[in-house]
Amino acid sequence: MSQHGVGPRAVTRSAAFLTAGVLAVTALAGCGSDDPSGKPLAGPDIQPAPRDRISDGGTLRWAVDSVPDTLNTFQSDADATTTRVAQAVLPSMYRMNASGRPERNPDYLESAKVVDTEPKQVVLYKLNQQAVWSDGREIGAADFAAQWRALSGKDTAYWTARNAGYDRIQKIERGDNALEVRVTFSRPYADWRSLFSPLYPKDVMGTPDSFNDGARKKLKVTAGPFTVKKVDTKGEEISLTRNPRWWGEPAKLSEIVLRTVPRDKRASQLAAGTLDLAEIDPSAARRITVAARPHSSSSPLMGPGADRSAADALHSWAVANGSDEDAADEETVARKKLRKAAVKYARQQRALSGFEVRKSLEPAYTQLALNGAEGPLADERVRRAVARALDRKELAQAVLKPLGLPAVPVGSHLALSGQAHYADNSGALGGQDTKEAQALLADAGWVRGGPVKEEKKKDKEKEEAAGPEAEKTDDAGEDNKAHHGPDPAGHLAQDGKQYKTAHQGGVPGAYAPKGTAAPANQEAAPLAKDGKPLTLRFVLPSGPGSQTLRTVADRISRMLERVGIGTEISKVSDESYFKDHIASGQYDLALYSWPATAFPATDARPVYAKPVPAADGSLNVEQNYTRVGTDQVDQLFDEAVATLDEGESRSLIRKADSRIWAAAGSIPLFQRPQLLAARKNLVNTGAFGFGTPVYEDMGFLKKGAKPASGPSAKGSAAP
């Protein structure tokens, strides 16, 4: 959505998933039983504790994916670590609670409200009189104005990644006193609460040079509970230390060290005692969970040799003690290595018993993207058929149920359950229905058993376009075979009631009319049209951290097979996955994630905007990597961002989401799991869910103290 989380891994925001994002939205008035926004599917899991039970001092060593290239969140190469640093050291006028809705941050803001709508919208900010930058200067209108000028888009010398919202500001001036800031908008702007979070000092925003280069590797002036002590690029860590000029509750920790540790190394680093907190994958979570259990015969076997049967062990002993000396020597060496590895693993497990897994759901969701620019998926009926073939509940259960998290499919492209704009609009497309999917394909002209022409030359060109690193497999893992569906298709289409929205501006022919004959039952033959088989290229990342995506892709391929759609899985390097395949449109199907946002009218518009031809003849897709969009959706976004009636804006966003579902350019699947390993005595941190971390409250329990039994700490409680 906005640059607050662009990138894949986003889907953290870095290689193929686009994730983390500043969340914020106006509180929903009148939350009653008929409120479609619902509640968050999972709350924060941060081991809350009151401040008087927390030791004063200590260093928190927190694993991150990388030391960022910039500490300026408004630049294109900012990442999730950039955001984490900004949250700890810079002002934000609003922070998110456990429902992904904004709440005023009283450390910086006494109040903020719209004081005029005619002739122009005017927002008056009243700042906390104690709020000062680390150099002693008061936070004020000059900082707001400098950030507006830098991000307005009017001066191209500023290398900004986005200017949404700031481009609607007409002027910023001081109010009746130094603590008041008046922001006048040239056009009405519903998402004004999204602005100035974070807020950088005028020292950073004041000139293009300072903006472009001044905050990449250092932040001399800050205004949070922590300040940036050192960015050690070679040592791959960032050190944050207490801000002596912080006016709020003093930080409990003396220092926070953000240390780069690859995800597949984090369990061993936790065991070695070099980390206190780390986001982990499901396999590491299982390992830590087992380590924390009392040892017993019922504990599952894990580690080196755990998968060896009694017969395997007996065979190994026999070889090691057999008459073949070479084989015996080789087996003896292997047995010694295995014993050594098992001893090391057991030692690590004992160390990991001091940790626990804290889990929630990320403010991000995984989706199936369908490239509608060309090929079979340019036909909306085929995209709809793909969607109707999916059992989204089964996919959510496959990922989330083993982790003990709620396995509920996401019902909106534009918000998540609990957020003000959320409503389950998936009915605009319809649920899983094999017969309907087959009928849609038949209506689109795909015939089972039709003639197929061999096009070796084109196949070769496709392989070259995929790049040398691409590995092609079908969903069973066999190389270079397309997956075709054997399911019978001798059925008629349903009556299309679930497509009522087609009569309200939808595309004619978007569903198969009642009575349309589906293909005959020819199980062994693939679907074909114009001499081409219906085979879709499914591009996936190949890295060790992408196993969950590949598991989901295998299940999707089998679901598509049942309706006659073949898939050819192509595994590519994590580095090239997003840049060279998703963003460039070199795929038919792909899995990646988007961050949730509390401001969908602003942040989601570029993700779903209708692509338009650029001056050079290319297609400007902004962030709409599926290349599927409509004028109607664009208009609904424009109307939603321009009304100051919060109820009307939410209604318009939900209508836009219904239209997005109907176009079937992307299919939301499930909210991403959030798993963190934390030292057991570490409190007020862990899996935050929607909530913004409160860095000054993080710390280690005093000896003998116990955490609170309540739901959360400051800033993370559900409303």
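The structure under discussion appears in the preceding block.
**What about the sheet that holds strand β4 (residues 109-116)?**
- One open sheet holds the 4 strands; their spatial order is β4-β5-β7-β6, and the pairing between them is antiparallel. Only two strands of the sheet have a single neighbouring strand rather than two, namely β4 and β6 (169-174). If you compare each strand with its neighbour and ignore which way they point, the axes differ by 20° on average.
- One ladder, built from 5 bridges, connects strand β5 (residues 122-127) with strand β7 (residues 180-185); its direction is antiparallel. Bridge pairing in β7 places Val122 opposite Thr184.
- On the sheet, helix α2 (residues 141-151) packs against β5, β6 and β7 and is oriented at approximately 160° with respect to β6.

**A word on the packing of helix α17 (residues 631-642) against helix α18 (residues 646-663)**
- In contact at an axis separation of 8 Å, α17 and α18 are set at 165° when each is read in the N-to-C sense. On the basis of the axis angle, α17 is roughly antiparallel to α18. Where α17 crosses over α18, the two elements pack in a sense that is left-handed. For the pair α17 and α18, contact is made by Gln632, Val633, Leu636, Phe637, Glu639 and Ala640 and by Ser649, Leu652, Ile653, Lys655, Ala656, Arg659 and Ile660, respectively.
- Of the residues that constitute the contact of α17 with α18, the class distribution is 8 nonpolar, 2 polar and 3 charged.

**Let's talk about the nonpolar core**
- Counting 101 residues, the largest nonpolar core has Met93, Tyr125, Phe196, Leu240 and Tyr608 as its most contacted members.
- Broken down by element, the residue count for this core peaks at 7 residues, all from α2.
- Once residues within four sequence positions are removed from consideration, Leu240 is found in contact with Val85, Ala88, Val89, Phe226, Thr227, Val228, Lys229, Ser254, Glu255, Ile256 and Leu258.

**Looking at the sheet that holds strand β15 (residues 527-529)**
- One open sheet accounts for 3 strands, arranged β13-β15-β16; its pairing is antiparallel. The open sheet terminates on both sides in strands that have one partner only, identified here as β13 (447-448) and β16 (532-533).
- Note: β15 against β16, 2 bridges, orientation antiparallel. Pairing of Ala528 across the sheet is with Pro533, part of β16.

**Observations concerning helix α10 (residues 392-400)**
- Within α10, the full set of buried residues consists of Arg392, Leu395, Ala396, Val399 and Leu400. Along α10, the residues classed as buried sweep out an arc of 110° about the axis, all on the same side.
- Lining the buried residues of α10 we find β12 (355-370), α13 (547-561), α18 and β22 (666-679).
- Regarding α10, its N-cap is Asp391, as a side-chain oxygen of that residue lies 3.2 Å from the backbone nitrogen of Lys393 further along.

**Regarding unusual backbone geometry**
- Note the cis peptide between Glu118 and Pro119, where omega equals 0°.
- Tracing the chain through its elements places Pro119 in the loop between β4 and β5.
- Put simply, Ser197 and Pro198 share a cis peptide bond, and its omega is 5°.
- Take Pro198: it is sitting in the loop between β7 and α3 (202-205).
- Its identity is not glycine, yet Glu236 carries a phi of approximately 60°, on the positive side.

**Details of the environment of Leu219**
- Positionally, Leu219 belongs in the loop between α4 (208-213) and β8 (226-232).
- Spatially, the C-alpha atoms of Leu219 and Leu71 are 7.4 Å apart, while their sequence positions differ by 148 residues.
- Setting aside chain neighbours within four positions, we find Leu219 in contact with Leu71, Val89, Leu90, Tyr200, Val204 and Val228.

**With respect to a negative patch on the surface**
- A surface patch of negative charge is lined by Asp324, Glu325, Asp326, Asp329 and Glu330.
- With respect to the secondary-structure elements, Asp324 resides in the loop between α7 (310-320) and α8 (325-352).
- Classification of Asp324 as partly exposed rests on a relative accessible area of 45%.

**Describing the packing of helix α9 (residues 380-389) against helix α11 (residues 434-443)**
- Following both chains from N to C, one finds α9 and α11 inclined at 165°, their axes separated by 8 Å at the closest point. By the angle between their axes, α9 is roughly antiparallel relative to α11. Where α9 crosses over α11, the two elements pack in a sense that is left-handed. Along its contact with α9, which presents Arg381, Val382, Arg384, Ala385, Arg388 and Ala389, the element α11 presents Thr434, Glu436, Ala437, Leu440, Leu441 and Asp443.
- Residues belonging to the contact of α9 with α11 are distributed by class as follows: 6 nonpolar, 1 polar and 5 charged.

Reading guide: rules and limits
Residues numbered from 1 in each chain as written. Predicted model: local features only at pLDDT ≥ 70, side-chain atom pairs only at ≥ 80, totals over all residues. Heavy atoms only, no water. Pairing = 2+ DSSP bridges. Helix = DSSP H or I, 4+ residues; strand = E, 2+ residues; numbered from the N terminus. Axes fitted to C-alpha atoms, helices over the stretch in contact; angles between N-to-C directions. Contact = heavy atoms within 4.5 Å. Parallel < 35°, antiparallel > 145°, perpendicular 65-115°, else oblique. Left-handed = near helix turned anticlockwise from the far one by under 90°. Nonpolar A, V, L, I, M, F, W, Y, C, P; charged D, E, K, R; others polar. Core = buried A, V, L, I, M, F, W, Y, C linked by side-chain atoms within 4.5 Å. Buried < 20%, exposed > 50% of the residue type's maximum accessible area, 1.4 Å probe, protein only. Arc of directions from axis to C-beta. Polar contact = N/O pair within 3.5 Å; in protein donor to acceptor, adjacent residues only side chain to side chain. Patch = residues over 30% accessible without salt bridge, like charges linked within 9 Å, V, L, I, M, F, W, Y side chains within 5 Å. Areas by Shrake-Rupley, 256 points an atom, 1.4 Å probe, with all protein chains shown as cover. Salt bridge = Lys/Arg side-chain N within 4 Å of Asp/Glu carboxyl O. Lys, Arg positive; Asp, Glu negative; His and termini not counted. Charge placed at Lys NZ, Arg CZ, Asp CG, Glu CD.

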